[in-house]
Amino acid sequence: MKKKINLQMAAIAVIAIAATLLLVSAVCYDLLRTQILNDLRTYAHLLKSREAVEDMRDRAYDFGKDGLRVTVVAKDGGIVYESDADAEKMTNHSGRPEIEQAFSEGEGQAVRRSGTLQKNAFYFAVRTQDGGVIRVSREADSIWSIFAGALPAILGITALLVLLCTAIAHFLTKSLIAPVEKIAQNMDHPEENGIYEELVPFIATIKKQHEDILRNAGMRQEFTANVSHELKTPLTAISGYSELIENGMAPEEDVTRFAGEIHRNADRLLTLINDVIRLSELDVTDREEPLEVIDLYEIAETCVSMLQISAENHGVTLRLQGSESPVSSEKQMLEELVYNLCDNAIRYNNKGGSVTVYVRPEKDRVALTVEDTGIGIPKEHQERIFERFYRVDKSRSKSTGGTGLGLAIVKHIVAKNHAEMTLESEVAKGTKIRVVFARADGCQE
Ligand code: ADP
């Protein structure tokens, strides 16, 4: 950044210096040209006041010493007198612009390149009383030769100015960047460094991101610790039971029971690992699944029939109400969402209780509601049950095969679908979870 600012400042300085030099040269040359033409005009008028050719010769001689050339042109354009060349050899001059102008307007002027690039010839002509024209001219250096002459000095001054500008640019850049560098060293208290006002929102964003990263790292660490802890219990059981069988220490009649325990704990491990994998898949935010229009009612139908046996085992009635409800989503996500909500509603229910699933379109939205008459969730836990591994009653969760990750997965899916979720629950009365999606076909009811 420093290098770039430095370079840009130096580039601006060089451009400014070059442009200034060029413009000043042009202005100076213009002044010089005006001055020369004014002088010539004075000379021409002086000569006009002495029209006798003889007299003029004397004057012209004097002028010649000043580097002037005098030409007297007759009415018809013929040369009457020429101070530099033989008048008789010269051609008719009536076509020269300055003479033509003097014939018609009384005065005329012109600047022409003379022979080489180095010199310019300046002409000034006045009409005399007898209708002829007196022209005075002189040569002067052209702008290019003036410029070429001054080039060493110009280059010297430019180099000096560039050096000076580079040094100033260096110090300016340093003082400009200093507060930013200080912030980088002390990110926690940027206000102590007298920061630029424009950087305040930038620092606020970085600070927030920094905090988010720390929080995320903390959450990940906690999650890893929780996963390890959750894995430990079934693995210890599996290891214990299998060791007993291996050592022949398990009584004959208990072997089947121990094998059953091993099986149950292995299943538990599988469920847990599947949930963990699913959560980490959902965590990858930039991997967008291809969306399709799916009938949420159809998903709920499949899910409800799949959970019917589990409901019966818990002594719970499970039913579905509603109608076709198209949402734009990914099938697996919707299945998991409905499954997890219904599964919880069955597991945290009472014998003889019921679970009702409603899926129906509401104007431009689609609402899924899972309502149970179960044990309910105490107010103080309601906020936290969507956290990973948070359970109100750990033993009930575990004994019914819960991993503590179901609602965390639900929360992720809701967010990914840009849906809204609300929870209403009362202890000993039941729980109602409602998820509202945008309707896929976009039409109003
Ligand atoms: P788990 O695998 O333990 O069921 P979840 O993430 O699905 O994990 O749910 C977290 C906790 O929220 C559960 O342990 C339970 O205490 C509570 N919970 C979830 N759904 C219900 C419900 N329908 N009724 C009562 N409590 C519930």
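The coordinates are above.
Since the structure is predicted, the reported quantities are computational estimates derived from the model, not experimental observations.

What counts and what doesn't
Residues numbered from 1 in each chain as written. Predicted model: local features only at pLDDT ≥ 70, side-chain atom pairs only at ≥ 80, totals over all residues. Heavy atoms only, no water. Helix = DSSP H or I, 4+ residues; strand = E, 2+ residues; numbered from the N terminus. Rg over C-alpha atoms; globule rule 2.2 N^0.38 Å. Buried < 20%, exposed > 50% of the residue type's maximum accessible area, 1.4 Å probe, protein only. Contact = heavy atoms within 4.5 Å. Lys, Arg positive; Asp, Glu negative; His and termini not counted. Charge placed at Lys NZ, Arg CZ, Asp CG, Glu CD. Near = heavy atom within 4 Å. Polar contact = N/O pair within 3.5 Å; in protein donor to acceptor, adjacent residues only side chain to side chain. Areas by Shrake-Rupley, 256 points an atom, 1.4 Å probe, with all protein chains shown as cover. Nonpolar A, V, L, I, M, F, W, Y, C, P; charged D, E, K, R; others polar. Pairing = 2+ DSSP bridges. Axes fitted to C-alpha atoms, helices over the stretch in contact; angles between N-to-C directions. Salt bridge = Lys/Arg side-chain N within 4 Å of Asp/Glu carboxyl O. Disulfide = S-S within 2.5 Å.

1. Re the overall build of the protein chain
A count of helices and strands for the protein chain gives eleven helices and twelve strands. The C-alpha radius of gyration of the protein chain comes to 50 Å, more than 25% above the 22 Å expected for a compact globule of 445 residues. Based on the C-alpha atoms only, the size of the protein chain along its principal axes is roughly 155 × 55 × 40 Å. When each of the 445 residues of the protein chain is scored for burial, the buried share is 36%. Across the protein chain, every contact between residues at least 6 apart in sequence was considered, and the portion connecting residues at least 24 apart equals 62%. Between the mean site of the 52 positive side-chain charges and the mean site of the 66 negative ones, the protein chain shows a separation of 4 Å.

2. Notes on the environment of isoleucine 273
As for its position among the elements, isoleucine 273 is in helix α6 (residues 252-283). With relative accessibility at 39%, the residue isoleucine 273 sits in the partly exposed group. Taking the C-alpha atoms as reference points, isoleucine 273 and threonine 422, 149 residues apart in sequence, are found 28 Å from one another.

3. Topic: the site of the ligand
In the vicinity of the ligand there are 20 residues, among which Asn344, Arg347, Tyr348, Ser397 and Leu407 approach most closely. The separation between an oxygen atom of the ligand and a polar side-chain atom of tyrosine 348 is 2.7 Å. Within the backbone of glycine 404, one N or O atom sits 2.8 Å away from an oxygen atom of the ligand. With the chains in place, 97% of the 530 Å² that the ligand exposes on its own is no longer accessible. Every element with two or more residues in the shell around the ligand is listed here: α8 (331-347) and α11 (406-416). When residues in the shell around the ligand are grouped by element, the largest group, three residues, is from α8. Residues belonging to the shell around the ligand are distributed by class as follows: eight nonpolar, eight polar and four charged.

4. Notes on the sheet that holds strand β3 (residues 107-113)
Pairing is antiparallel across the open sheet formed by five strands, whose spatial order is β2-β1-β5-β4-β3. Where the open sheet ends on each side, the last strands, each with one partner, are β2 (79-82) and β3. The mean inter-strand angle of the sheet, taken between neighbouring strand axes irrespective of direction, is 20 degrees. The sheet strands contacting helix α3 (residues 97-105) are β1 (69-73), β3, β4 (119-127) and β5 (133-141), and the helix crosses β3 at an angle near 170 degrees.

5. With respect to the side chain of threonine 158
Following the sequence through the fold, threonine 158 ends up in helix α4 (residues 143-185). In this structure, threonine 158 is in contact with Ile17 and Leu21, ignoring residues within four places of it in sequence.

6. Quick notes on the pattern of salt bridges
This structure, assessed with the given rule, holds 18 salt bridges. In this structure, lysine 208 engages aspartate 212 in a salt bridge whose closest nitrogen and oxygen atoms are separated by 3.2 Å. Placement of both lysine 208 and aspartate 212 in helix α5 (residues 200-246) is noted, with a separation of four residues, approximately one turn of the helix. Aspartate 254 is the salt-bridge partner of arginine 257, the closest N and O atoms lying 3.9 Å from each other. Of the two residues, arginine 257 and aspartate 254 are both situated in helix α6; the distance of three residues between them amounts to about one turn of the helix. Members of the salt-bridge network, linked through shared partners, are Glu98, Arg112 and Arg135.

7. Focus: the state of the cysteines
One way to say it: the disulfide is the covalent bond shared by the sulfur atoms of two cysteines. Tallied over the full model, the rule gives zero disulfides. With no disulfide of its own, cysteine 342 lies closest to cysteine 303 among cysteine sulfurs, the gap being 4.8 Å. Using a relative accessible area of 0% as the deciding quantity, one classes cysteine 342 as buried.

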